[in-house]
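Chain by chain, the residues:
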Amino acid sequence: MSETRKANIFVRAARAIAGYFRELKSELKKVVWPSFKQVRNNTSVVITTIILLAVIVAVLDFAFQYIFSLILK
């Protein structure tokens, strides 16, 4: 009597975990890392944008503060 049985839960879990790591390894081989020059350029763009937005917010904050101080006097 040949009976096909499912593997127990531990065997199925181990196979699923092993499959996950096989797929993970396969996907990591496809990753293209940016060059140092690209990272440096992108970082400078982000920092410049943050500084510019901080200055804009500060100017607007001081302007609104000044306007409200005139209104409330």
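### A look at the overall build of the protein chain
Okay, step 1: Helices and strands together make up the secondary structure of the protein chain, namely two helices and zero strands.
Okay, step 2: A compact globule built from 73 residues would reach a C-alpha radius of gyration of about 11 Å, whereas the protein chain, at 29 Å, exceeds it by more than 25%.
Okay, step 3: Projected onto its principal axes, the C-alpha positions of the protein chain cover 95 × 40 × 10 Å.
Okay, step 4: Classification of the 73 residues of the protein chain by burial places 1% in the buried group.
Okay, step 5: Entry remark: accessible area of the protein chain is about 7400 Å², with carbon and sulfur atoms responsible for 69%.
Okay, step 6: Across the protein chain, 11 positive and 4 negative side-chain charges occur, with their mean positions spaced 7 Å apart.

### Looking at a nonpolar patch on the surface
Okay, step 1: On the surface, Leu52, Leu53, Ile56, Leu60, Phe64, Tyr66, Ile67, Phe68, Leu70, Ile71 and Leu72 cluster together to form a nonpolar patch covering roughly 1200 Å² of accessible area.
Okay, step 2: Position of Leu53 among the secondary structure elements: in helix α2 (residues 36-72).

Conventions adopted
Residues numbered from 1 in each chain as written. Predicted model: local features only at pLDDT ≥ 70, side-chain atom pairs only at ≥ 80, totals over all residues. Heavy atoms only, no water. Helix = DSSP H or I, 4+ residues; strand = E, 2+ residues; numbered from the N terminus. Rg over C-alpha atoms; globule rule 2.2 N^0.38 Å. Buried < 20%, exposed > 50% of the residue type's maximum accessible area, 1.4 Å probe, protein only. Areas by Shrake-Rupley, 256 points an atom, 1.4 Å probe, with all protein chains shown as cover. Lys, Arg positive; Asp, Glu negative; His and termini not counted. Charge placed at Lys NZ, Arg CZ, Asp CG, Glu CD. Patch = residues over 30% accessible without salt bridge, like charges linked within 9 Å, V, L, I, M, F, W, Y side chains within 5 Å. Salt bridge = Lys/Arg side-chain N within 4 Å of Asp/Glu carboxyl O.

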